Amino acid sequence: MASKPGILTEWPWANLGNFKYLVLVPFVGHSIYSFLREGDIGYIAILPFLLFRFIHNQIWISLSRHRTAKGNNRIVDRSIEFDQVDRENSWDDQIIFNGLLYYIGYLRMEQVHHLPLWRTDGLIITALIHIGPVEFIYYWFHRALHHHFLYSRYHSHHHSSIVTQPISAFIHPFAEVASYYAIFAVPVIATEFTGTTSVATITLYVIFTDFMNNLGHCNFEVIPKWMFSLFPPLKYLIYTPSYHSLHHTQFRTNYSLFMPIYDYIFGTMDKSSDTLYEKSLEKKAEVPDVVHLTHLTTLQSIYHLRLGFSSLASKPHMTSSKWYLWLMWPVTLWSIVITWIYSHTFVIERNLFKDLKLQTWAIPKFRKQYFSQWQRKSINNLIKEAIMEADQKGVKVLSLGLLNQAKKLNNNGEIYIRKHPELKVKVVDGSSLVVAVVLNSIPKGTSQVVLQARRLSKVASAIALALCQRGIQVVTLDEEEYKGLKARFTPEAAANLVLSKSTCVSKTWLVDDGLSEDEQLKAPKGALFIPYSPFPPKKVREDCFYFSTPAMICPKHLQNVDSCENWLPRRVMSASRIAGILHASEGWNEHECGDMMFDVDKVWKASVDHGFSPFTMSSSIEAKI
């Protein structure tokens, strides 16, 4: 919102939230009726064109986030946070507005019902009108918007995004967008008066303005130097992403729309434009200090990635499963095909922690594929390639993150370490911090806990051992689990192991994601389910409390955080991911994989010393307790 909102700042449908698309429903319905009755192709084609605009912009958004995460040709290195994501969440308002103008214009103007598909003279007139009146009017209107009166009431909203991304181009108050559309309507009106308009003229002009707007705000330099060398006057006719980026960092320079010529004419061209362009082109891909290796979870998790929809990625995954995603099943199913075709990890996010550069790499495999025997070799190769690539790039630490099935596949990376003892990158599964977080989540004064472990992982065993050594009884509900733990413990520790095959009165349950409904029903009313696995169990009890998966709240000096990690709330990070950061920060020169674990108390102290704080329950649960 602008610092001093003026009249017509809010969009007319702002109060409708996600139902704002309903304003188009009557027109869409009428266009379908007209097509079925009269075969009116032009009217019904408006909706596909609006969908095309949405897809076009989304492609730019995903490309920009991927490129800026990698770092090559990145222009501005500053961070994007949740406040910018929330502010730019309404970037599609201008598409709805465009649709309304098209529908109303089509209904009110009979002459546009039978437009030719192509008119070369119309395209030429549109180009000339844009180069002249449109660029000129926009330049002076834009300068006027930077006058303190209009800036504080309107344009400051757009300039709140100092670090731009493609959607930043479309974040303006309603009155400002309406003014822009009036300016861009000049070529359309001119071709209408001259009788040279066509479907191609209108369509291509909108696509051109979308393309150039996305280009100017993408935050990575994409225009090659040879273009300006081949035709030097081009620098006056087309701007570069770095050129417009300076407008967002300097505010009082580079006002032009797409053609810098007017900045040159009126003396508002930023003198550092050429220098920034050169530096941005030369910038290489960033070499991270820490890499977090993760994978896709549910089929709809592709939309939750930061490369997908920012509004979904900025909310916990399980709370952001929107109804409209079911309408996108063709895209969802196509994503499965892509994961089979594209077999290489890709960068999805970058963060900064003090002096450490962090990146998140995703393996293009869904969680269910980890249970598939025929996918085992492929996944093993992907993990191996990621470790080897990280080592070649000079990465200090690679954390395995959500790869909880890696124990079965490669013993949490230990197989690769044994095969390649020369590796410099340290492979960390984060088990020690996971154990520490779970132990510190157990309420003080607890004398007995229930441990549910279908798979006796090293985390489950370490938790049970630590509790038994502290004199806390550990109750197991499975005889095989009980025997397995007892065989690993000393007689003193094993004395605190208890086997129970009936309902247990203990209210503290340590569980993995395999906790069944029947097992949950054995817990007493008011029980606390504390997961120790990276995946949360299915919630079936309304009278019990479900803790978060092992995680901690991030300190403020963790920067560029604008998405949620799966089902965790904002600025809450999984313990396995934090472990990689701690490993690099502390300079621990050893792996943590296979059966290797660090001192739990030492790891916990390091996490707190570096600013991470405990996260166990939501405030609503705390209020109930």
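Residues numbered from 1 in each chain as written. Predicted model: local features only at pLDDT ≥ 70, side-chain atom pairs only at ≥ 80, totals over all residues. Heavy atoms only, no water.

How should I be thinking about a nonpolar patch on the surface in this particular structure?
Taken together, the side chains of Phe136, Ile137, Trp140, Ile265 and Phe266 make up a nonpolar region of the molecular surface, amounting to roughly 450 Å² of accessible area. With three residues, helix α6 (residues 120-145) is the largest single contributor of residues to the nonpolar patch. Residue position: isoleucine 137 is located in helix α6. (Patch = residues over 30% accessible without salt bridge, like charges linked within 9 Å, V, L, I, M, F, W, Y side chains within 5 Å. Areas by Shrake-Rupley, 256 points an atom, 1.4 Å probe, with all protein chains shown as cover. Salt bridge = Lys/Arg side-chain N within 4 Å of Asp/Glu carboxyl O. Helix = DSSP H or I, 4+ residues; strand = E, 2+ residues; numbered from the N terminus.)

Just checking my understanding: could you explain the pattern of salt bridges for this structure?
For side chains of opposite charge, pairing can occur when their charged atoms come near one another. According to the stated counting rule, one finds 23 salt bridges in the structure shown. Among the salt bridges present, the one from aspartate 121 reaches arginine 119, with a minimum N-O distance of 2.6 Å. Take arginine 119: its relative accessible area is 29%, and that puts it in the partly exposed class. Linked by salt bridges that have partners in common, Arg74, Asp77, Lys283, Glu286 and Arg350 make up one network. (Buried < 20%, exposed > 50% of the residue type's maximum accessible area, 1.4 Å probe, protein only.)

For this particular structure, what's the right way to read α6?
Along an α-helix, a turn takes 3.6 residues, which lines up residues three or four apart on a common side. Look at α6: 35 Å from first C-alpha to last across 26 residues, which is about the 38 Å you get at 1.5 Å a residue. Along α6, the sharpest kink reaches roughly 40°, centred on histidine 130 and followed within four residues by the proline proline 133. Turning to α6, its buried residues are Gly122, Thr126, Ile129, His130, Val134, Glu135, Tyr138, Tyr139, His142 and Leu145. (Expected span 1.5 Å × (residues − 1). Bend = angle between axes of the 7 residues up to and from the residue.)

Explain the state of the cysteines here, please?
Covalent bonding between the sulfur atoms of two cysteines defines a disulfide. Taken as a whole and judged by the stated rule, the model has zero disulfides. The thiol of cysteine 554 is unpaired, and the distance to the nearest cysteine sulfur, on cysteine 564, comes to 10 Å. The buried category is assigned to cysteine 564, whose relative accessible area is 7%. (Disulfide = S-S within 2.5 Å.)

Explain unusual backbone geometry to me, please; I cannot follow it from the model alone.
Peptide bonds are trans in most cases, and residues, glycine excluded, mostly fall at negative phi. Despite not being glycine, lysine 354 shows a phi value in the positive range, around 55°. Topologically, lysine 354 is positioned in the loop between β2 (346-353) and β3 (356-363). The exposure class assigned to lysine 354 is partly exposed, which follows from its relative accessible area of 46%. Residue asparagine 566 is not a glycine yet carries a positive backbone phi of 55°. Along the chain, asparagine 566 turns up in the loop between β13 (558-559) and β14 (572-574).

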